[in-house]
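Tertiary structure, described
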Amino acid sequence: MNEIRVQSPGLLTTVQDLGREGFGPLGVSASGAADPISLRLGNLLVGNPQGAAALEMTLLGGTFLFPQSALIALTGSDFGAALDGQGVASATATNVSPGQTLHVGSTRSGARCYLCVRGGIVVKPFLGSASTHLLTGLGGYEGRALRKGDVLRIGPPVAPLPENRPTATAIEQLAPRKLLRVTPGPQNDSFPQPALHAFYTSTYRVAEDSNRMGLRLEGHPIMREAGGEMITEGVSLGAIQITVGGLPIILFVEQQTTGGYAKIANVISADLHSVGQLRPRDEIRFEPVDWETARSLLLAQEKLLGSEDTLFK
Amino acid sequence: MSAAPAEPVQFKRASDRSLLIYFGHKITRQAHEDVRRLLCLLELEPIPGVRNLHPAYCSLLVTFDPLQSHHDRLEKILLQYIGRLDKVALPEPREVEIPVCYGGDYGPDLIDVSSLHGMTPEQVIALHSSSSYLVYFLGFVPGFAYLGGLPEALVTPRLATPRRKVPFGSVGIAGNQTGVYPVSTPGGWRLLGRTPISIFRPERKDLSLLAIGDSVRFAPISPTQFAALERA
């Protein structure tokens, strides 16, 4: 079987696919790629099923040796990659010759870059998914971030290669945003009008201690008459909970499955991938949209990703 | 068997792909059983497009694929399910015994908890291990059971400063709750002891030792028994 040898892992590189949904009753969150749109796009470029496993790199990429030939694509944020010193373009399928080394640098835009390889990364699935769940040490490559010396196996190709490249328009439409669109959270009504006004007009900064479990935000505190805590209930992906101190936390892919803080809003499905590209110190704002808008934005996004006619030219 | 939900259910949209169903807004056994019945029915007869279920004290969060379903359609179907809850028979609760080595390195907060309540460590152990606890649901992290039924005399506030790392298997109390850490995580619960048995077992088919609705007891063991069980 073909391999990728990890010569340096980068800051935090994990194996991810589209996650394992359906284990809420056991307290297991879905995990999966923080920017699933980039993962899907990368897989499409190398002729993989959209949910094939790939490497998710965070802020600083790694160095990888390919003993055999391979076809790769780098998607998501531009980390300035080079193959034996030659620059590699983002969102383009690139041939790798046996013995070549791919060096992925540090980010020039967002938080995450994906390395997709034709055939996909093969690991032992946990609950039907290859994705790494870092907190519990489950899934992915031995349940952890990659280290120097790790050897990843590449699977056999299963689908034909696409004939064309994604259009600039398509890439632009799928690009991450800093103005996150949200629908009202289940406790939206428990926040007084001035608090809601402050939430929707303030700029928030992503805190340093943000990760795949959640993004802590700094900025205008949001106060609620009834206090912060309530009876613990299930929490959805992208929920924005307000802690006792009034600061928002966006619950993310490795989130706790239940929680006791009030949720003021929830990031819409079409913007969840944007959350995965936020870096510490990035500044974001929230824009309320209605349910119909949330739905039509997602449908448009899926239409773009689901059809080679619109995506590739 | 019991009657239909005591209180009218309430639906609340949680996100563009999820819906919360509330059986009242109090932690009661009736609400717990309603949640369990609906969970049971949804697992037996899955609704197309539904992707995940998150039971809690008196609510169930239903996550769906927004390309396949939407809130209004789901609410209509769920109302039919809820109308049938009185016909869902819940299995008899399983009795699960968890061996715990109390005190020492296993339960570094036992002494403090004892003095807070003016008891001896032996009295705290006797009280904690004499009660039967209900698993309201699993959540937070894989296999973590929200246990109800802590004796009033043991209700203790959580630590002012959480520990950076609580070893897996630690048995703690916080407020009127008690629980076992399935994995090593940061945590602010007061640790009374530790169990040598695995709570979350990814290598087994039944991943979690505990399930919603179980009845749990803690059985005190010695450090020697702890070591023997740990090796087993």
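Keep in mind that what you see is a predicted model, and the values were worked out from it rather than measured.

Here we take up the overall build of chain B. When helices and strands are tallied, chain B shows five helices and 13 strands. Structurally, chain B occupies a C-alpha span of about 55 × 35 × 35 Å along its principal axes. Here chain B holds 232 residues, and 44% of them are scored as buried. For chain B, the proportion of contacts with a sequence separation of at least 24, taken over those separated by at least 6, is 62%.

The subject of this paragraph is the domain arrangement of chain B. Residues and elements named next belong to chain B. For chain B, the assigned domains read domain 1 (10-87) and domain 2 (95-231). Computed from C-alpha atoms alone, the centre-to-centre distance between domain 1 and domain 2 is 30 Å. Each side of the interface is counted separately: domain 1 has seven residues, and domain 2 has five residues. Element by element, the count of residues in the side of domain 1 that touches domain 2 is highest for helix H1 (residues 29-44), at three residues. Of the residues in the side of domain 1 that touches domain 2, the class split is four nonpolar, two polar and one charged.

With 38 residues of chain B in contact, the opposing surface of chain A contributes 31 residues. Listing elements by their share of the side of chain B that touches chain A, those giving two or more residues are strand E1 (10-15), strand E2 (18-22), strand E3 (50-55) and strand E4 (59-64) of chain B. With five residues, E3 of chain B is the single largest residue contributor to the side of chain B that touches chain A.

Right, let's talk about the nonpolar core for a bit. In terms of nonpolar packing, the biggest core is built from 75 residues, with Ala54, Ile72, Tyr114, Leu115, Cys116, Val117 and Ile121 of chain A touching the most fellow members. Mapping this core onto the domain boundaries places at least three of its residues in each of domain 1 (3-162) and domain 2 (179-309) of chain A. If near-sequence neighbours (up to four positions away) are discounted, Leu115 of chain A is found in contact with Ala54, Leu55, Met57, Ile72, Leu74 and Val104 of chain A. If you look at the next biggest cluster of nonpolar residues, it comprises 69 residues, including Leu20, Ile125, Trp189 and Val216 of chain B.

Another point: the sheet that holds strand E1 (residues 3-8) of chain A. Residues and elements named next belong to chain A. Pairing within the open sheet is antiparallel, and its seven strands lie in the order E7-E6-E9-E4-E1-E12-E11. At either margin of the open sheet sits one strand with a lone partner, and together these are strand E7 (86-87) and strand E11 (121-122). Taken together, the three bridges between strand E6 (residues 81-83) and strand E9 (residues 100-104) define a ladder with antiparallel strand orientation. Residue Leu83 lies in a different strand from E9, and its bridge partner there is Leu102.

What counts and what doesn't
Residues numbered from 1 in each chain as written. Chains lettered and ligands numbered in written order. Predicted model: local features only at pLDDT ≥ 70, side-chain atom pairs only at ≥ 80, totals over all residues. Helix = DSSP H or I, 4+ residues; strand = E, 2+ residues; numbered from the N terminus. Buried ≥ 20, exposed ≤ 12 C-beta atoms within 10 Å, placed from the backbone. Contact = placed C-beta atoms within 7 Å. Domains from an automatic or database assignment. Nonpolar A, V, L, I, M, F, W, Y, C, P; charged D, E, K, R; others polar. Core = buried A, V, L, I, M, F, W, Y, C linked by C-beta atoms within 7 Å. Pairing = 2+ DSSP bridges.

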